[in-house]
Amino acid sequence: MLKANSEYDVIVIGGGHAGIEASLASARMGCSTMLLTMNIDTIGLMSCNPAIGGIGKGQLVRELDALGGEMGKNTDKSAIQYRQLNTKKGQAVHSSRAQTDRLLYKSCMLKALELEKNLLLRTGTVIKILVKGKKAIGVETSIGEKSYAKSIVLSPGTFLSGLVHIGLKSFPAGRLGENPANELSQNLKELGFNLGRFKTGTPARLDGRTIDFNKLEPQLGDEPPIPFSFWTKKKVKNFRPCFLTYTNEKTHRIIKSGLKWSPLYTGVIKGTGVRYCPSIEDKIVKFADVDRHQIFIEPEGLSTVEYYPNGVSTSLPIDIQLKMLRSIKGLERVEIFRPGYAIEHDYADPTQLKATLETRLYDNLFFAGQINGTTGYEEAAAQGLIAGINAALKAKEMQEFILTRADGYIGVMIDDLVTKGTNEPYRMFTSRVEYRLLLREDNADLRLTPRGYELGLVPYIYNRKIMQKKRKIQATLDWLKQTRIAPIPRVNSKLKKLNTACLKHSITLEELLRRPEISYYNIMEIAPLSNSPLEIYSKFDIQNSKFSTLLWNVEIEVKYKGYIERALSDIEKFKELENIKIPNNLDFRTVHGLSNEIKEKFIKLRPLNLGQAQRIPGATPSAIFALMVYLKRRKK
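Residues numbered from 1 in each chain as written. Predicted model: local features only at pLDDT ≥ 70, side-chain atom pairs only at ≥ 80, totals over all residues. Heavy atoms only, no water.

The secondary structure content of the chain amounts to 21 helices and 22 strands. For the chain, the C-alpha radius of gyration of 26 Å lies close to 26 Å, the compact-globule estimate for 636 residues. Counting over 636 residues, the chain shows a buried share of 59%. In the chain, the proportion of contacts linking residues at least 24 apart, taken out of those at least 6 apart, comes to 72%. Only carbon and sulfur atoms are counted for the fraction: they give 52% of the accessible area of the chain, which is about 27600 Å². For the chain, the separation between the mean place of its 94 positive charges and that of its 67 negative charges on side chains is 2 Å. (Helix = DSSP H or I, 4+ residues; strand = E, 2+ residues; numbered from the N terminus. Rg over C-alpha atoms; globule rule 2.2 N^0.38 Å. Buried < 20%, exposed > 50% of the residue type's maximum accessible area, 1.4 Å probe, protein only. Contact = heavy atoms within 4.5 Å. Areas by Shrake-Rupley, 256 points an atom, 1.4 Å probe, with all protein chains shown as cover. Lys, Arg positive; Asp, Glu negative; His and termini not counted. Charge placed at Lys NZ, Arg CZ, Asp CG, Glu CD.)

Another aspect to go through is the nonpolar core. One broad trend across soluble globular proteins is that nonpolar side chains are buried collectively. Ile129, Val153, Leu188, Phe367, Ile389 and Leu480 are the most contacted members of the largest nonpolar core, which totals 129 residues. Considering every element that reaches this core, the biggest residue donor is helix α9 (residues 377–395), with 12 residues. Excluding residues that lie within four positions of it along the chain, Val153 makes contacts with Val10, Ile11, Val12, Ile13, Ala22, Phe366, Ala368, Ala387 and Ala391. Residues Ile254, Ile284, Met324 and Leu331 belong to the second largest nonpolar core, which totals 21 residues. (Core = buried A, V, L, I, M, F, W, Y, C linked by side-chain atoms within 4.5 Å.)

With that settled, consider a nonpolar patch on the surface. Side chains of Leu168, Trp261 and Val268 sit close together on the surface and give an oily, nonpolar patch of about 260 Å² of accessible area. Looking at where Trp261 falls in the secondary structure, it is placed in the loop between α6 (249–257) and α7 (280–286). By relative accessible area, which is 39% here, Trp261 ends up partly exposed. (Patch = residues over 30% accessible without salt bridge, like charges linked within 9 Å, V, L, I, M, F, W, Y side chains within 5 Å. Salt bridge = Lys/Arg side-chain N within 4 Å of Asp/Glu carboxyl O.)

Attention now goes to the sheet that holds strand β3 (residues 51–53). Spatial strand order, β3-β5-β4: 3 strands in an open sheet with antiparallel pairing. Of all the strands in the sheet, the pair left with one neighbour each is β3 and β4 (79–85). Going across the sheet, the axis of each strand differs from the next one's by a mean of 15°, ignoring polarity. Bridge analysis of β4 against strand β5 (residues 95–100) gives 6 bridges, and the strand direction is antiparallel. For Ala79, the partnering residue across the bridge sits in β5 and is Thr100. Across the sheet, helix α3 (residues 71–78) is in contact with β3, β4 and β5; its angle to β4 comes to roughly 120°. (Pairing = 2+ DSSP bridges. Axes fitted to C-alpha atoms, helices over the stretch in contact; angles between N-to-C directions.)

Moving on, we come to helix α11 (residues 444–455). With 12 residues, α11 ought to run about 16 Å at 1.5 Å a step, and its terminal C-alpha atoms sit 16 Å apart, in line with that. Burial analysis of α11 places 9 of its 12 residues in the buried class, which makes it a mostly covered element. Where α11 is concerned, the buried positions are Ala444, Asp445, Leu446, Arg447, Leu448, Thr449, Pro450, Gly452 and Leu455. Looking one or two residues past α11, Gly456 carries a phi angle of roughly 90°, positive in sign. (Expected span 1.5 Å × (residues − 1).)

Under the domain assignment, the chain is made up of domain 1 (7–199 + 345–455), domain 2 (205–344), domain 3 (460–564) and domain 4 (580–635). Spacing between the C-alpha centres of domain 1 and domain 4 amounts to 30 Å. Counting residues at the interface gives 10 residues for domain 1, matched by 8 residues for domain 4. Together, Arg360, Thr419 and Lys420 form the three largest contributors to the area buried by domain 1 at its contact with domain 4, with a combined 52%. The interface formed by domain 1 and domain 4 contains 2 salt bridges. Here Asp415 makes a salt bridge to Arg615, at a shortest N to O gap of 2.5 Å. Scanning the region where domain 1 abuts domain 4 turns up 3 residue pairs in polar contact (both at pLDDT 80 or more). Looking at side-chain class alone, the side of domain 1 that touches domain 4 contains 3 nonpolar, 2 polar and 5 charged residues. (Domains from an automatic or database assignment. Buried area = accessible area lost by both parts, 1.4 Å probe. Polar contact = N/O pair within 3.5 Å; in protein donor to acceptor, adjacent residues only side chain to side chain. Nonpolar A, V, L, I, M, F, W, Y, C, P; charged D, E, K, R; others polar.)

On to the sheet that holds strand β12 (residues 195–202). Taking strand neighbours across the sheet as the criterion, the 4 strands line up as β11-β10-β19-β12 in an open arrangement whose pairing is antiparallel. In this open sheet, the two edge strands, each paired with only one partner strand, are β11 (169–172) and β12. Within the sheet, the average angular offset between the axes of one strand and its neighbour, ignoring direction, is 25°. Two strands pair when backbone bridges link them, and strand β10 (residues 163–166) and strand β19 (residues 341–348) are joined in this way by 3 bridges, in the antiparallel orientation. Across the sheet, His165 pairs through a bridge with Ala342, a residue of β19.

This part is about the pattern of salt bridges. Summed over the entire model, instances satisfying the criterion amount to 37 salt bridges. In this structure, Glu70 engages Arg28 in a salt bridge whose closest nitrogen and oxygen atoms are separated by 2.6 Å. With Glu70 in the loop between α2 (57–67) and α3 and Arg28 in helix α1 (residues 17–28), this residue pair connects regions lying 42 residues apart in the sequence. Classification of Glu70 by relative accessible area gives buried; the value is 3%. On the basis of relative accessible area, Arg28 is assigned to the partly exposed category, the value being 24%. Its salt-bridge partner being Arg326, residue Glu335 comes within 2.8 Å of it at the nearest N-O pair. Overall, the relative accessible area of 37% leaves Glu335 in the partly exposed class. Several salt bridges share partner residues, and in doing so they unite Arg405, Asp415, Asp416, Lys420, Glu434, Glu578 and Arg615 into one network.

We now examine α6. The complete set of buried residues in α6 reads Thr251, His252, Ile254 and Ile255. For α6, the buried positions fall inside an angular range of 160° around the axis, keeping them on one side. The residue sitting at the N-terminus of α6 and contributing the capping side-chain oxygen is Asn248; that oxygen lies 2.9 Å from the backbone nitrogen of Lys250. (Arc of directions from axis to C-beta.)

Written out as structure tokens, the structure reads:
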């Protein structure tokens, strides 16, 4: 454990999901790191739902895991139930989600931090970022303690001028029962940062002893469950079901009757809320024609009777919350442990950041998490990892680390934030990702683990396993392409049972696997196993998750070969523009052919390359062409 002093390589402010990943990344890269948080006991607290992953979010966690992050491994240590989402759609958008034990998740994460040798945990409320000219040099706490660092990562979550709303009662808080960071918010304004207000919310927590589970629809986990982390060795299990119920006409009447006490509909709340995770009040008003809304009753852990009603986030008064909940099937006698509430907080316009998450206003200062206008544990953790990596590289005076839109979901999220900004809390979705067929959950390790290894975040043994996995996949693809199968009775009989056309002449196994009805497991049943990769694979339990993932990689490569080749071609075109760098000192006012509006945007956002410039809202094809011509002439 690192000893306390006043100077560090990196200081991380905030012990939420962003702060955790930032501090671990920095420490694992060999930097002396201090994680400074208001309360060490709340490090890793899941403030909202006790779950990790989801559509688009699962991909973020897998990429974070492949790069050497902690969230995936910690999820497997504390998971209650595993499910794959979007399975009725193409493999490119399949996403993992795990229900977790809230307390176990927090305690396991704290243990990981405590065991990190280059990391010091400290309690303190930061009120000021210390600067010298245009460089951040340290922090000052509420008790006057000053600490200095070569790099600083700020990840305050919802604590910047946090304001909690329950009905028409409002009070300052970073979370229910915790103090906000008002002075730090004011300090950021004084430093010149443009701050806005966003709103998020959470539902009441329920006493499971007062829920009639016999009236609810059980939602079981997948069998066999697939672990979140590529590196989890133990066989993971599903321990508990979730449950499904619905709102009804009576529920909706109760909610409507309470709108006159809703801070959302009386104008008390000024901040913009999350469009894709609205409060139940919003759902009832904006989707008035919908008869009912789903509610997932999710266990908070294995050692508690507390349940989380996912789908009824609310800031209504507590008495109306109780009436509303008791109108729902299975919850007729429910009691509330903790009330639902809304929280407003400050965020900084993310266009004030570089792609490394370092601020444009001050060198050595990085922002990560909800301060950048995002919502969700996964989005925060992914930003924290990138900020922590770049803070460590800056402290070491090494080259920065940037993921592009062609590299992963993390790259898409950060590029969206720093080039377009956001006027509502940003949430990751598969639909935001142009190259999602290539940037899948199942191949995140193949794509990113070698880069994590180069950074010093991934052990040699993990990287070696990925190299071996790549060789196995390629050997299997080669074998499928070279091996032919004849139209013999045994084969055709099997194909008939699988409701696919019988063979009239010999074809390659690759051609057979392209058929929608045929899976790799069918190939294993049909093909001759001797002297093939299948001879080795068949000795394994086909339910083994690592074995299944490898075959999944192969199957997708074959079935989507044409689409993958087209996507790779698109990426090459994308890289052509990304490779045309824009000098940091370029005076856009001297570029002929740009409108004054575009010049102002380019000056403000300082795009790194032509591709990023193209994605800035308002950048026309003619403006990009004019900039390209100017850069080519300047280079001569």
